[in-house]
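Report on the structure
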Amino acid sequence: MDNLDVHIDPRIDAASTTSNDPILTYPTVVVHERYDISNPPPLPSPEWTRFVCISDTHTHTFPVPHGHVLLHGGDLTSTGKYDQMEKTMEWLEELPHHHKIIIAGNHDLSLDNHDDWYIKNFHRWHSSKPEDVTCIRDLVKGERARNARVTYLEDEKFEFQTKPDGRTCLTHGPPFQILDRTVGGDHVGCEALRARLPELRPRVHVFGHIHEGHGALLQEWRSSGTPGDDAGNQGGCTVFVNAANWPMGDKARREAFAGRIPFGQGPFQPIIVDLFDTA
Ligand SMILES: [Zn+2]
Ligand SMILES: [Zn+2]
């Protein structure tokens, strides 16, 4: 069984630092969790590719730094209503990123058509009548979204070209024990997803859902599970990003004196992941 070793830059303890620009680094990775949004950190050099990670925006909009790829980990809206989705899509369509890849979260109720789930359950949130599912799907998958380079995915693969090749994973929930701790201290991530990681070994894995788990973690894969084995980075590394932008939970309380802080600020900014491909 493969092993995940945690390699964290000592400056990155986002829960305790007040530094304005916590950075995770690795020879081929730079991660920025907090920065001046009016003057985002530059790419290390033009050969690098910038991924910008957001999630759990719940119909809110805020400034997003430019980059090559924008990844949204779901919970695009509060309850999946048409006007909420329209507002989110208009915001995403305006953003200048070359690729914008989005998925649904558990709050995007009208996009859940597994076994007609929404039609059977809409009354629990949308009292009078169900939302027009066809129109909402058109917002996320229609021509206008495609023309704006937005790709909505549902349990599917999407191939796009960036310089650093390798896999990018986008899931709404975190894997077990990776940025999945609730305010109550429980790890609530998905064990099956965690078990797949040694096989998938993505360069970047973006998720959200557990808002208070917001942050980034750089983990190196070792080709052997033997403790102390000095196999180096032969197995590569994965950047795990809990990109949830909803400011709630422990970290929000620590950073903001008066409870919640505005979206896209404090420790809940879009997380920037810069990757370099040495090949
Ligand atoms: Zn959420
Ligand atoms: Zn969620």
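Structural data are supplied above this passage.
Everything quoted here is computed from the prediction, not taken from an experiment.

This part takes up the overall build of the protein chain. A tally of helices and strands in the protein chain yields six helices and 12 strands. Out of the 279 residues in the protein chain, the part that is buried amounts to 38%. Considering only contacts within the protein chain whose residues lie at least 6 apart along the sequence, 67% involve residues at least 24 apart.

With that settled, the discussion passes to the packing of helix α1 (residues 82–94) against helix α3 (residues 133–141). Remark: α1 packs on α3, axes separated minimally by 10 Å, with the N-to-C direction vectors making an angle of 10 degrees. Between α1 and α3, the interaxial angle falls into the category roughly parallel. Contacts from Y82, M85, E86 and M89 of α1 reach α3 at C135, I136, L139 and V140. Residue classes in the contact of α1 with α3 are distributed as seven nonpolar, no polar and one charged.

Okay, the sheet that holds strand β2 (residues 23–26) next. Taken in spatial order, the seven strands of this open sheet run β2-β3-β12-β4-β5-β6-β7, and their pairing is mixed. For this open sheet the edge positions go to β2 and β7 (150–152), each flanked by a neighbour on one side alone. For this sheet, the mean inter-axis angle between neighbouring strands, taken without regard to orientation, is 15 degrees. Summarising the sheet, β2 and strand β3 (residues 29–32) pair through four bridges and their orientation is antiparallel. Residue pairing for β3: T25 is matched across the bridge by V30.

Further remarks concern α3. Among the residues making up α3, those that are buried are I136, L139 and V140. Considered in projection along α3, the buried side chains sweep an arc of 90 degrees and stay on one side of the axis. In the core, the buried residues of α3 are packed alongside α1, α4 (143–147) and β7.

Moving on: helix α5 (residues 191–200). Within α5, only one of the 10 residues are buried, which leaves the element largely exposed. Count one or two residues on from α5 and you reach R201, which has phi positive near 40 degrees.

All right, on to the nonpolar core then. In terms of nonpolar packing, the biggest core is built from 45 residues, with V31, C53, V239, V241 and V273 touching the most fellow members. Setting aside chain neighbours within four positions, we find C53 in contact with L71, V206, V241, A243, P270, I271 and V273.

This next bit is on the environment of D75. For D75, the location among the structural elements is in the loop between β5 (69–72) and α1. Counting along the chain gives 27 residues from D75 to I102, while the straight-line C-alpha distance between them is 9.7 Å. Setting aside anything within four residues of it in sequence, one finds D75 in contact with S55, D56, T57, H58, G105, N106, H107, D108, H172, G208 and H209.

Along strand β12 (residues 271–275), five of the five residues are buried, which leaves the element largely enclosed by surrounding structure. Side chains I271, V273 and L275 of β12 all project onto a buried face; the interleaved residues I272 and D274 project onto the opposite face, where all are buried too. Two elements, β3 and β12, share four bridges in a ladder whose sense is antiparallel. Opposite H32, over in β12, you have I272 as the bridge partner. Note: strand β4 (residues 49–54) against β12, five bridges, orientation antiparallel.

Calculation notes
Residues numbered from 1 in each chain as written. Chains lettered and ligands numbered in written order. Predicted model: local features only at pLDDT ≥ 70, side-chain atom pairs only at ≥ 80, totals over all residues. Helix = DSSP H or I, 4+ residues; strand = E, 2+ residues; numbered from the N terminus. Buried ≥ 20, exposed ≤ 12 C-beta atoms within 10 Å, placed from the backbone. Contact = placed C-beta atoms within 7 Å. Axes fitted to C-alpha atoms, helices over the stretch in contact; angles between N-to-C directions. Parallel < 35°, antiparallel > 145°, perpendicular 65-115°, else oblique. Nonpolar A, V, L, I, M, F, W, Y, C, P; charged D, E, K, R; others polar. Pairing = 2+ DSSP bridges. Arc of directions from axis to C-beta. Core = buried A, V, L, I, M, F, W, Y, C linked by C-beta atoms within 7 Å.

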